[in-house]
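One-letter residues, chain by chain:
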Amino acid sequence: MRRYQPSDHEALYDICRRTGDRGGDATQLYADPRLLGHVYVGPYLALAPQWAFVLDDGAGAPAGYAVGVPDTAGFAAACEQHWWPPLRRRYPAPTGPADRHTPDQRLARLIHDPPTAPDWVLARYPAHLHINLLPPAQGQGRGRALIGTLLPALAQAGAAGIYLGVAVDNHRAIGFYRRVGFESLDDGLFARLLP
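Residues numbered from 1 in each chain as written. Predicted model: local features only at pLDDT ≥ 70, side-chain atom pairs only at ≥ 80, totals over all residues. Heavy atoms only, no water.

- The name that an unreviewed UniProt entry assigns to the chain is GNAT family N-acetyltransferase, with the source organism given as Natronosporangium hydrolyticum.

Quick look at the structure:
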């Protein structure tokens, strides 16, 4: 485990893409190979790099990462000011029925209308995180170690609890989050208090 370095940027975007289909490779799903990274890892690297941790493969290359923020509401405000505006100009908001949108258009919708956790979640669990590991790094306790590195850093920054979102049919991820102390709050929302 180590802290994020700017030289990791492209590798983390790649990991995001290669794990973006419920843990599987999403490369073939998106016409724009950078779009997943722009939504799920880029804002953290740009606006909150102090809470970005990298799993090194032993040869210096990233094999996974965990990113998060201690104050989700403050981070959302910073994204509205600094991260989303140039992406909104680059990726127009999709029109027409949502069920006809392409995968790229669905991600563009998130750029124009980022999801937010309900106030009742943020009141108790103000922090949130994203974690992704390439398949060769999974199942060896490395995800647990990444979580174990990120959570104390967020707690030290003042967060009393943390939440995350996961697809309700991603049973493997749900099992992992339960093993590291997260409990279900609602469909797809899991949370835990921080030490």
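Having put the structure on the table, let's press on.
**Observations regarding the pattern of salt bridges**
Then, number 1: Taken as a whole, this structure holds eight salt bridges when the rule is applied.
Then, number 2: Note that Asp14 is salt-bridged to Arg17, the shortest N-O span being 2.6 Å. Residue Asp14 and its partner Arg17 are both found in helix α1 (residues 9-18); the two are separated by three residues, about one turn of the helix.
Then, number 3: Here Asp21 and Arg22 are joined by a salt bridge, their closest N and O atoms 4.0 Å apart.
Then, number 4: Put simply, Arg2, Asp8 and Asp56 are held in one network by salt bridges that share partners. (Salt bridge = Lys/Arg side-chain N within 4 Å of Asp/Glu carboxyl O. Helix = DSSP H or I, 4+ residues; strand = E, 2+ residues; numbered from the N terminus.)

**Observations regarding the pairing of strand β7 (residues 189-193)**
On a regular strand, one side chain projects to one face of the sheet and the next to the other, so that they alternate.
Then, number 1: The pairing of strand β5 (residues 161-165) with β7 spans five bridges and is antiparallel. Note on β7: the bridge partner recorded for Gly161 is Leu193.
Then, number 2: Where strand β6 (residues 183-186) meets β7, three bridges bridge the pair, whose relative direction is antiparallel. Considered in β7, the bridge of Ser184 is made with Phe190.
Then, number 3: In textbook terms, the turn of a hairpin is the stretch between consecutive antiparallel strands, and for β6 and β7 this stretch comprises two residues, one of which, Gly188, has a positive phi near 85 degrees. (Pairing = 2+ DSSP bridges.)

**Observations regarding the packing of aromatic side chains**
Then, number 1: For the coordinates displayed, the defined rule picks out three aromatic pairs.
Then, number 2: Centre to centre, the rings of Tyr177 and Phe182 are 5.9 Å apart; their planes meet at 70 degrees, and the pair counts as edge-to-face. Assigned by exposure class, Tyr177 and Phe182 land together as buried.
Then, number 3: An aromatic cluster is built from Phe176, Tyr177 and Phe182, whose rings are joined through pairwise contacts. (Phe/Tyr/Trp six-rings, centres within 6.5 Å; stacked < 30°, edge-to-face > 60°. Buried < 20%, exposed > 50% of the residue type's maximum accessible area, 1.4 Å probe, protein only.)

**A word on the UniProt feature "domain: N-acetyltransferase" (unreviewed entry) in the chain**
Then, number 1: UniProt's feature table lists "domain: N-acetyltransferase" (unreviewed entry) at residues 1-195, given in the numbering used throughout.
Then, number 2: Span residues 1-195 is 42% helix and 18% strand, its end C-alpha atoms 20 Å apart. (UniProt positions renumbered as here; feature names shortened; annotations may be inferred.)

**Topic: helix α8 (residues 171-179)**
In an α-helix, one turn spans 3.6 residues; hence positions three or four apart end up facing the same way.
Then, number 1: Along α8, the residues that are buried comprise Ala173, Ile174, Gly175, Phe176 and Tyr177.
Then, number 2: In this fold, the buried residues of α8 make contact with β4 (127-133), α7 (142-156), β5 and β7.
Then, number 3: Following α8 by one or two positions, Gly181 adopts a phi angle in the positive range, close to 100 degrees. (Contact = heavy atoms within 4.5 Å.)

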